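So you can see what is in the structure, the chains are spelled out below.
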Amino acid sequence: LGRMKPVIVVHGGAGRIFKEREEGCCAGVIRAALRGYRVLKQGGTAVDAVEEAVQSMEDDPHFNAGCGSVLNEKGEVEMDAIIMDGKKLDSGAVSAVKCIANPIKLARLVMEKTKHMLLTDHGAHLFAQAMGIPEIPGEKLVTQRSRERWKKNLEPDSNPEEFQKDLGTVGAVAIDSEGNVACATSTGGLSNKLIGRVGDTACIGSGGYADNHSGATSTTGHGESIMKVVLARLILYHMEQGMSPEVAADTALDYMKTRVGGLGGVIVVNKAGEWAARFSTKQMSWATVKDDELHYGIHAGERHVKSVDEALASVSEGF
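Chains are numbered independently. Their residues run from 1 in the order of the written sequence. Note on the predicted model: pLDDT of at least 70 is required for a residue's local features to be given, and 80 or more for side-chain atom pairs to be given and counted; whole-chain, interface and lining totals, by contrast, use all residues. Side-chain calculation: all heavy atoms of the structure are included, whereas hydrogens and water are not.

Notes on the layout of surface pockets
Phase 1 of the analysis: In this analysis a 1.4 Å probe is tested at points of a 1 Å grid over the protein atoms alone, and where it fits but cannot get out there is a cavity; an open set with protein on both sides within 12 Å along at least five of seven lines is a pocket; lining residues have an atom within 4 Å of a point. Grid points are joined across faces, edges and corners, and a volume is the space filled by probe spheres set on the points. When its volume is computed, the second largest pocket comes out at roughly 240 Å³.
Phase 2 of the analysis: Around the second largest pocket, the lining residues are E246, D250, W275, A276, A277, R278, F279, W286, A300, G301, E302 and R303.
Phase 3 of the analysis: Secondary structure elements with two or more residues in the lining of the second largest pocket: helix 9 (245-260) and strand 11 (275-279).
Phase 4 of the analysis: When residues are sorted by character, Ala, Val, Leu, Ile, Met, Phe, Trp, Tyr, Cys and Pro go into the nonpolar class, Asp, Glu, Lys and Arg into the charged class, and all the rest, Gly among them, into the polar class. Split into classes, the residues belonging to the lining of the second largest pocket amount to six nonpolar, one polar and five charged. Secondary structure counts use DSSP, requiring at least four H or I residues in a row for a helix and at least two E residues in a row for a strand, with both numbered from the N terminus.

Set out below in structure tokens:
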């Protein structure tokens, strides 16, 4: 059996990333990619790697997932997450979950311990209890930044749409040495969203999709637009028609923009281990590791390259 070279690609959300947050977002996606890659190098599966990478970003307050999630209209954190295994198209997702640190872990348990694919709100909460996932106070997930932004959006003349531009969904895709692919995506959703609003993240084919026959993708951006075009599955469809990851991603993003006026970003890996990180927004923080080389960027056309050893030295804290 020909061994694949493992690859991981992560994103920290597409949109407008404010200057003072760029460094933290970059460091966060680099750390997540290195952690996921370490799992792959130690013989872990693609599913293990994407879960590890996304958990790393859920725990990082720079991103709109886990701790640092935006607040809904009532000032609470409600989170969505999905994970998918390309081997047999198994998937697990949770939506509108509160008071847990890592929704991606719960999504994986839905995939592996139930016959279902998506658990929501109260049912997801009961399942988390049954699985022994510790409950944490909701306030633990709320950062000062999320609280301030929520207040600002409540002002009568505010336009929450303006603030949706830095949509920090997080995600990861990977291929392991066996050639299996996986994706994972996690988010706090839209700031000041209606209670119970679920976006694309928890929806299979929209927030992510993974199939060993073609590849894996994780998306970020305006959830309702992503759902209208089923963006993740659309990209894989284009790859099945013979497009490269980059062309498939650009074609699908372009379609979403022209057809429904939606902006977003995607990360992709195909079954041959070729990858892409593309976006139609101003920015998207992303990082990838392949062949012990780290690539990362945040602005259109920007790509930095470092050896993994060099990168590890610079983000050693947190390892």
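Structure shown, so let's carry the discussion forward.
Examining empty space enclosed by the protein
Phase 1 of the analysis: On inspection of all chains with the given rule, the structure shows three cavities of 30 Å³ or more.
Phase 2 of the analysis: Of the pockets and cavities examined, the second largest cavity occupies roughly 80 Å³.
Phase 3 of the analysis: Forming the walls of the second largest cavity are 14 residues, and the residues nearest its centre are T169, T187, G189, R197 and D200.
Phase 4 of the analysis: Tallied by class, the residues present in the lining of the second largest cavity amount to two nonpolar, nine polar and three charged.

So, the UniProt feature "binding site: substrate" (unreviewed entry) in the protein
Phase 1 of the analysis: UniProt positions are given in the numbering used here, feature names are shortened, and annotations may be inferred rather than shown by experiment. Under the present numbering, the feature "binding site: substrate" (unreviewed entry) in UniProt falls on R197, V198, G199, D200, T220, G221, H222 and G223. Among the annotated residues just listed, those that line the second largest cavity are R197, G199, D200, G221 and G223.
Phase 2 of the analysis: Within the element layout of this structure, V198 appears in the loop between strand 7 (181-187) and strand 8 (208-211).
Phase 3 of the analysis: Mapped onto the secondary structure, G199 falls in the loop between strand 7 and strand 8.
Phase 4 of the analysis: Throughout, a residue-residue contact means that at least one pair of heavy atoms, one from each residue, lies within 4.5 Å. The contacts of G199, once residues within four sequence positions are left out, are D80 and M227.

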